[in-house]
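Here are the chains, one letter per residue:
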Amino acid sequence: MKKRGFALVTALILCFVLSIIGTAAITLSYISYQTSIAEKNFYLAEKAANVCLLAAMDEINRTGFCSNQEFTNSGLGYTLPYGTTCKVTSTQSTNICFLRAEGQARNSRVFKTTIIQGFYGAGLYTVRGGVNANYRGGLLTGCDGENNCTVPAFIASSGTINLGSTTPRYCPQSSNTGIWGNPPTYTNAAFRDLVPLFFNVNCFASNFYDVNLRCNYGLTDALRDTYGWVYRNSNQGYFTPYPNTQTSNNATDFYFSSYGEPVINSVLRNDLQNYSSLSGPCVFTSNANSYDLSSFCNNFYNSNPNCGNYTLVFTRRTSISLTGSLPLTCGSTDISYRWVTIFLPRGGSLNNVNGGLPVSQTSLGEWRYRLNIYSGGTLNISGSLDYVRILSNAQINVSSGVNIRNSTIIQALNSETENNNANSPQNFIGSGQINLYDSKIITRHIRFTNGNLYAFRTLLYLYANACPNCVRNTSDPNQNPCYTGSNTYRCGWYGGNYNAYVGMYQNGTYVLSDGTPLTSLVINNNSIVRSSSFYIAGIYFGQDVNYLVGSTSFIRGFLVRNLPSNLSLQIGFTDNTNFQFKLDAINSLRYDPLSRRGFWFVRKVNCIREKPTPAYFSVITRMTTW
């Protein structure tokens, strides 16, 4: 009986062990099954992510655009098997396109990311916002055969282009009329802000009035830092040019308001009004009615050789006349590294004034001018002006035929609201032909109604209609008194029956035979530029509501209009329209340390139709969930 009982117990134990083994086998089999399913789902999800990622890259390379949008497999034209799905989100930052793909198969998800650069971002004529364009003749071409580079001829966020009987065509261009490009037109680009596409900054202004378009560093910040001088930093007894290490706008002698208007430093404004506040061992006052700068050594340096820099304050209640060249040496002593700041509280006249060749440039490519003039009244310029920096809060009159070379002229408002007055005085008025070479002009309004405007290798920043009370919520040009003619001082420039040649001659030349470029940069802030005709080579960049008005219009380079995204632009092209994309015209605006010309904040354009290479696919990461 005992043996029988032992056998029963043994049988029960064996059955229990076998049941455990069976259960374990079933469990292992189930886990293996689940693992196989998971591996299969992961495999399917990974392949789905690959499909969407590669398809999205193909779509971006095909259309030439990367914008903040989402692609799905169905939207990309793919039907995936086994219930798998995928989607891709794209984000553009300057000229980089970031893609994030997600593939899903049941509960498995795979994420892949990549960075590419094989897309356009911009065209010959680029508009943020809608367009209602009518083509009635002329040439718009994004085909630059000489530089083996192509772009679209016309890009906008939305709208229509009425082409009439014209058929847009792809490059290569075979006619001197029509619309040409790769593609010729594109009117579905979801632009947020055009500034980062053309400049090495992230927006128009870090303090922009539209808080949704602010960033950490904008175009007006770059202009302030490049062309502003530190004014009375701490207890400093002289004025130090950039680099400006101060974070406050009050550190520089001017700053930009949230509407992109230059405003004079309040301390400087008060010093021009009450110049008795200026004092120090190297501050000298004079009641003379004229002064020849060539006499500087005898009048100031020889008796004060230990001054690092000199401040001359002319206290005469009527304006005075300055002439001559600031010497580079006094006897055998080199003074080329010292600079002179002149205060003209009542304004004055400058006749053949030369500040002398600066010995160096700042880290941002601006001259360390030896002669800096602060003017609190009307300033009259005649003869020539060379290597001089001027900051004025009043009008500047320029005699006919004056040559302004290698100079910076800034006309700043007295307050952030002064430009609400349509007749604010910060205007640059020519009595005849105006000639600007290698200069920077930041002004409210340029007037040349008695001769043409010539501006070569020059920056023009215009803000006539950028005031806080000026219209920015309608694209109707009739809302601007410049367009209606009721007040042409609201024009960024106004030439009447004369032409503007900015960066090119009338015959189309924008590079001289010796290779020297003529190209220039125009930044037009919420204003209209109006002249009989205009010829622009380089970049025209219009912020907010801006128009170019002229019977004949030539562009070589880029024409950009950063219109508010909710507005629609009215455009007409006629037989007198000739717009051509030129890669060399644009890239010649980049700062060149050898020639000491150009602007560091202009973004270099790489030809965007090079075939994508592995270098474009710089980052791939993966994450899975089961």
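Above this text is the structure in question.
Residues numbered from 1 in each chain as written. Predicted model: local features only at pLDDT ≥ 70, side-chain atom pairs only at ≥ 80, totals over all residues. Heavy atoms only, no water.

Novice: Report on the overall build of the protein chain, specifying residues and quantitative values.
Specialist: Along the backbone of the protein chain there are 7 helices and 43 strands. Within the protein chain, buried positions represent 55% of all 626 residues. Within the protein chain, contacts between residues separated by at least 24 positions form 64% of all contacts whose residues are at least 6 apart in sequence. A total of about 25,800 Å² of accessible surface is found on the protein chain, and carbon and sulfur atoms cover 49% of it. (Helix = DSSP H or I, 4+ residues; strand = E, 2+ residues; numbered from the N terminus. Buried < 20%, exposed > 50% of the residue type's maximum accessible area, 1.4 Å probe, protein only. Contact = heavy atoms within 4.5 Å. Areas by Shrake-Rupley, 256 points an atom, 1.4 Å probe, with all protein chains shown as cover.)

Novice: Could you give an account of the pairing of strand E3 (residues 96–105), with specific residues and numbers?
Specialist: Both E3 and strand E4 (residues 108–116) contribute to a ladder of 9 bridges, which runs antiparallel. Following the sheet pairing, Ala105 is matched in E4 by Ser108. (Pairing = 2+ DSSP bridges.)

Novice: So what's going on with the pairing of strand E33 (residues 459–462)? Residues and values would help.
Specialist: Burial along E33 is two-sided: the face carrying Leu459 and Tyr461 and the face carrying Leu460 and Leu462 are both buried. As paired strands, strand E30 (residues 440–443) and E33 are joined by 4 bridges and run parallel to one another. Counterpart to Ile442 in the pairing with E33 is Tyr461. For E33 and strand E36 (residues 520–525), the ladder comprises 4 bridges, and the chain directions are parallel.

Novice: Could you give an account of the environment of Asn420, naming the residues involved and the relevant values?
Specialist: Following the sequence through the fold, Asn420 ends up in the loop between strand E27 (408–411) and strand E28 (427–430). The exposure class of Asn420 is partly exposed, given its relative accessible area of 27%. Distance in space between the C-alpha atoms of Asn420 and Asn469 is 5.9 Å, their sequence separation being 49 residues. Sequence-distant contacts of Asn420, that is, excluding residues within four places in its chain, are made with Cys467, Pro468, Asn469 and Arg490.

Novice: Lay out the packing of aromatic side chains with the relevant residues and their values.
Specialist: Overall, the coordinates contain 33 aromatic pairs when judged by the stated rule. Plain terms: the ring middles of Tyr125 and Phe573 are 5.9 Å apart, the flat faces sit at 85 degrees to each other, and that makes the pair edge-to-face. One end of the pair, Tyr125, is in strand E5 (residues 125–135); the other, Phe573, is in strand E41 (residues 568–573), with 448 residues separating them in the sequence. Accessibility expressed as a relative area gives 2% for Tyr125, which makes it buried. A connected cluster of aromatic rings, assembled from ring pairs, spans Phe198, Phe199, Phe541, Phe558, Phe581, Phe599, Trp600 and Phe601. The ring of Tyr82 is capped by Lys40, whose NZ or CZ atom sits 5.3 Å from the centre of that ring. Here the guanidinium or amino end of Arg561 rests over the ring plane of Tyr547, the centre of that ring lying 4.8 Å away. (Phe/Tyr/Trp six-rings, centres within 6.5 Å; stacked < 30°, edge-to-face > 60°. Lys NZ or Arg CZ within 6 Å of the ring centre and 35° of its normal.)

Novice: Tell me about the state of the cysteines, residues and numbers included.
Specialist: Taken as a whole and judged by the stated rule, the model has 7 disulfides. Across a sulfur-sulfur distance of 2.0 Å, Cys467 and Cys470 are joined as a disulfide pair. Disulfide Cys467-Cys470: the torsion about the S-S bond is 105 degrees, which places it as right-handed. Overall, the relative accessible area of 1% leaves Cys467 in the buried class. Paired through a disulfide, Cys482 and Cys491 show a sulfur-sulfur distance of 1.9 Å. On the sign convention where negative means left-handed, the S-S torsion of about 100 degrees between Cys482 and Cys491 marks this disulfide as right-handed. (Disulfide = S-S within 2.5 Å.)

Novice: Lay out the pattern of salt bridges in plain terms, naming residues and giving numbers.
Specialist: Evaluation of the coordinates by the stated rule reveals 9 salt bridges. Taking the shortest distance from any N to any O, the salt bridge between Lys112 and Glu46 comes out at 3.7 Å. Of this pair, Lys112 sits in strand E4 while Glu46 sits in helix H1 (residues 2–63), and the two are 66 residues apart along the sequence. The pair formed by Lys112 and Glu46 is uniform in burial state, with each residue classed as buried. The closest approach of N and O atoms between Arg224 and Asp221, which form a salt bridge, is 3.8 Å. Placement of both Arg224 and Asp221 in helix H3 (residues 219–227) is noted, with a separation of 3 residues, approximately one turn of the helix. In this structure, Arg224 and Asp221 share a single accessibility class: buried. Each of Asp221, Arg224 and Asp225 takes part in one network of salt bridges that share partners. (Salt bridge = Lys/Arg side-chain N within 4 Å of Asp/Glu carboxyl O.)

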